[in-house]
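Residue-level listing of the chains:
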Amino acid sequence: MTAIDAGQPVLAAPERRRPIGLLLVAVPVLLVIWLIIWPIISAVIQTVWVKAPEGGNSFSVETYRFFFSDGYSLSNLSITLWTTGVCAILLLVVCLPIALYLRFSDSKVAAYVQGLAIFPMFVPSIILSFAFIRVLGPNGTVDLVFNAVGLPKIRSPYLTPWGPVIGLVWDNIPLTVLILLSGLGNVSNQAIEAARDVGAGKLALLWHIILPRISNSVLVAISFAVLGIFSAFTLPYVLGPAAPEMMGPFMQRTFRELFEPQTAITQAVITFGFCIVFGLFYVRSVARNQAP
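To start, this report covers the structure provided alongside it. Computed from a prediction, not measured in an experiment: that's the story for all the values here. (Residues numbered from 1 in each chain as written. Predicted model: local features only at pLDDT ≥ 70, side-chain atom pairs only at ≥ 80, totals over all residues. Heavy atoms only, no water.)

## Brief notes about helix α3 (residues 71–104)
Logical step 1: The terminal C-alpha atoms of α3 lie 49 Å apart, and with 34 residues this matches the ideal 50 Å at 1.5 Å per residue to within 8%.
Logical step 2: Roughly 25° is the biggest bend found in α3, and it falls at C95, with proline P97 one to four residues downstream. (Helix = DSSP H or I, 4+ residues; strand = E, 2+ residues; numbered from the N terminus. Expected span 1.5 Å × (residues − 1). Bend = angle between axes of the 7 residues up to and from the residue.)

## Considering the nonpolar core
Logical step 1: Within the largest apolar cluster, 41 residues are counted, with the highest numbers of intra-cluster contacts made by L91, L168, L180, L184, I210 and I214.
Logical step 2: Listing elements by their share of this core, those giving two or more residues are α3, α4 (109–118), α5 (125–136), α7 (162–184), α8 (189–197), α9 (202–230) and α10 (234–239).
Logical step 3: Sequence-distant contacts of L184, defined by excluding residues within four places in its chain, comprise A99, L100, R103, I210 and I214.
Logical step 4: Ranked by size, the runner-up nonpolar core spans 12 residues in total, among them A43, M247, V269 and C275. (Core = buried A, V, L, I, M, F, W, Y, C linked by side-chain atoms within 4.5 Å. Buried < 20%, exposed > 50% of the residue type's maximum accessible area, 1.4 Å probe, protein only. Contact = heavy atoms within 4.5 Å.)

## Some thoughts on the side chain of S60
Logical step 1: Residue position: S60 is located in the loop between β2 (57–59) and α2 (62–69).
Logical step 2: At a separation of 3.2 Å, a polar atom in the side chain of S60 contacts the main-chain amide nitrogen of E62. (Polar contact = N/O pair within 3.5 Å; in protein donor to acceptor, adjacent residues only side chain to side chain.)

## Let's talk about the environment of V220
Logical step 1: On the secondary structure map, V220 appears in helix α9.
Logical step 2: A relative accessible area of 12% places V220 in the buried class.
Logical step 3: With 92 residues separating them in the primary sequence, V220 and L128 have C-alpha atoms 25 Å apart.

## Things to note about the packing of aromatic side chains
Geometrically, a pair of aromatic rings is defined through the distance of the ring centres and the angle of the planes.
Logical step 1: Counted under the stated rule, the structure contains five aromatic pairs.
Logical step 2: Between the aromatic rings of Y72 and F250, the centroid separation amounts to 5.6 Å while the plane-to-plane angle is 85°, which identifies the pairing as edge-to-face. With Y72 in helix α3 and F250 in helix α11 (residues 247–256), this residue pair connects regions lying 178 residues apart in the sequence.
Logical step 3: Taking the relative accessible area as the measure of exposure, F250 reaches 4% and is therefore buried.
Logical step 4: Seen in terms of ring centroids, F233 and Y237 are 5.1 Å apart; in terms of plane orientation they differ by 20°. Their pairing is stacked.
Logical step 5: Residue class for Y237 comes out partly exposed when judged on its relative accessible area of 48%. (Phe/Tyr/Trp six-rings, centres within 6.5 Å; stacked < 30°, edge-to-face > 60°.)

The following block contains the structure:
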């Protein structure tokens, strides 16, 4: 006698598999809570629940008040925001044409262009910094070539705010191109040909056909780039000026050289506060794509 004949309810297949699916995601979820969520909560608690002068602990926002009233801290935050904004714009300007060419080109050259675009992904940041100094630094390759042909000496971007910009843009090109290229996969050739048949030009195709279909991909690419750039350390530390400095080197110097862990944690929490805004853009984009 079957379960149906006995009058017993039969669970649907998705309901039977649901506990197994929850067990599969339990380990990564617990790791995220342990390694990411809990350290964030702990850091926030440490910055607002501090030792009182009369003994014991009490709620205080003095470390945040000091950060937002200190001119040097605000200048470091400003240069970080400026670098992040400039890099995001330059990445979009550089990577979108590359992704468009790779998507719609049928030539053999496209394979070499894609290889060159992805190549920075396999170059460590410290090697990139060394190459930058040897090429664009004082008495570097560009200076030597200009001197050989009688051209005036250029001002090197090394140890200026533009040094980290150049390095960070180069370092983030591969991921940005790949994300945009993935989004361009949603643009069908039939839609392009139909628009051309009614007389649409290249700018009209880009504005009315391509960009609306890749808007989520653009948002995801910029979000990933901003999150990486805002918290970058190696390239700003090696290529950037000593002052003002980006938040990554600023936190490291505050912790290891000034021996002020409480202040460094406050800087980290403020950095996370800015990054979470762009993270929410990414989460919203993913949720929109998965919505029925």
